[in-house]
Amino acid sequence: MTDLSQFVRNGKKIIGVAANYKSLLKILERPVPELPEIFLKPTSSYITEGQPILIPHGFTVNQEIELGVVIGKKGKHISEDEAMNHVGGYCAALDMTAPCRMKEARSKGGSWTIGKGFDTACPVSAFVTKSKIENPHNVRLWCKVNNELKQDGNTNDMIFTIPKLISFISQYMTLEENDLIVTGSPPGMGPVQPGDVIEGGIENLISFKFCVSQ
Ligand code: MG
C-alpha cells in the first residue's frame, strides 16, 4: 500500500466539488443539482501548517472548510459499490475561494481557474488514515476565524456522498493514489483578511491553524 502521508507532495490533482451541502443551497435558494459540479485546483495551491495563506493583490478570499478524501487506489469507471475501496484516508482542507473572480466567471461564462487555483488556495491538515473515520458521512467540520466560530457543519448534510463523487469523477478522470477530492463546504464561508487566523478541523480527530498574510 502506498504511503499516503505525503499526498501533498505526490498527488497529481485536487478535485473540488461546488455547493455540495443541502443547507448551503437552501440559504442560496438554489435547486439541488442532479449531478455534482466539479472543478480542479492545481497541486501548486497546496500549503501545509506553518505556511501562510496569501491573498492575491486586489482579491477578496473566502475560507471554506471541507472534508478532503485522499485516493489510495487507482481506478477508472469506479462503481459506487466499489468506491470506498479506493479511499485511502482523509484530511481537513480549506478550499480557499476568491468570490470576486467566481462572480465574474459566472456572469461572463469564464473559468474558475484563478478564483479556485491561486497559490496557497488549498491549505490542508496532516493525513488521517481511513480507519480513523468509521463513518465519513457523519463527522463534524468546524472552522473559526480569529477564534470566532464561522462554520459548523456535518458531512451528513452532503448532497453527493463520497461513493457518488468518486464514481462520477472516475467516469471522466482516472483517480490515482494521492489525488485529493475536496468534498464541498457547509455554510458560513466568508472573507478573510491579512492578519486573520483560521483554525478548523474534523471534530475529535484533526485540526489545523493557518495565518492569512499579504
Ligand atoms: Mg468549496
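Computed from a predicted model, the values in this text were never measured in an experiment.

1. Some points on the overall build of the protein
Secondary structure summary: the protein contains 6 helices and 15 strands in total. For 214 residues, the compact-globule estimate of 2.2 N^0.38 gives 17 Å, and the protein sits close to it at 16 Å. By the burial criterion, 52% of the 214 residues in the protein qualify as buried. Taking as baseline every contact in the protein between residues at least 6 positions apart, the subset at least 24 positions apart corresponds to 78%. Element-wise, carbon and sulfur atoms account for 49% of the exposed surface of the protein, whose accessible area totals about 10,000 Å². Between the mean site of the 22 positive side-chain charges and the mean site of the 23 negative ones, the protein shows a separation of 3 Å.

2. Observations regarding the environment of Gly200
Here Gly200 shows up in strand S14 (residues 197-202). Judged by its relative accessible area of 0%, Gly200 is buried. Between the C-alpha atoms of Gly200 and Gln51, which are 149 residues apart in sequence, the distance is 15 Å. In contact with Gly200, other than residues within four places in its own chain, are Ile65, Trp142, Cys143, Ile206, Ser207 and Phe208.

3. With respect to the pattern of salt bridges
Close approach of charged atoms allows side chains of opposite charge to pair. Summed over all chains, the structure comprises 10 salt bridges. Glu80 serves as the salt-bridge partner of Lys164, at 3.8 Å between the closest nitrogen and oxygen. Residue Lys164 is found in helix H6 (residues 162-170), and its partner Glu80 is found in helix H3 (residues 80-83); the two are separated by 84 residues along the sequence. Measuring nitrogen to oxygen at the nearest pair gives 3.0 Å for the salt bridge that ties Arg140 to Glu203. Here Arg140 is found in strand S10 (residues 140-145), whereas its partner Glu203 is found in the loop between S14 and strand S15 (206-213), with 63 residues between them in sequence. Each of Lys12, Lys13, Glu176 and Asp179 takes part in one network of salt bridges that share partners.

4. Concerning the pairing of strand S11 (residues 148-154)
Bridge analysis of S10 against S11 gives 6 bridges, and the strand direction is antiparallel. In the sheet register, Trp142 faces S11, and the bridge partner there is Asp152. The turn joining S10 and S11, which pair antiparallel and follow one another in sequence, is formed by 2 residues; a positive phi near 50 degrees is taken by Asn146.

5. Re the sheet that holds S10
Taking strand neighbours across the sheet as the criterion, the 5 strands line up as S4-S15-S14-S10-S11 in an open arrangement whose pairing is mixed. Each edge of the sheet is formed by a strand with only one pairing partner; in this case those strands are strand S4 (53-54) and S11. Bridging between S10 and S14 involves 5 bridges; their strand directions are antiparallel. In the sheet register, Val145 faces S14, and the bridge partner there is Ile198.

Definitions and limits used
Residues numbered from 1 in each chain as written. Predicted model: local features only at pLDDT ≥ 70, side-chain atom pairs only at ≥ 80, totals over all residues. Heavy atoms only, no water. Helix = DSSP H or I, 4+ residues; strand = E, 2+ residues; numbered from the N terminus. Rg over C-alpha atoms; globule rule 2.2 N^0.38 Å. Buried < 20%, exposed > 50% of the residue type's maximum accessible area, 1.4 Å probe, protein only. Contact = heavy atoms within 4.5 Å. Areas by Shrake-Rupley, 256 points an atom, 1.4 Å probe, with all protein chains shown as cover. Lys, Arg positive; Asp, Glu negative; His and termini not counted. Charge placed at Lys NZ, Arg CZ, Asp CG, Glu CD. Salt bridge = Lys/Arg side-chain N within 4 Å of Asp/Glu carboxyl O. Pairing = 2+ DSSP bridges.

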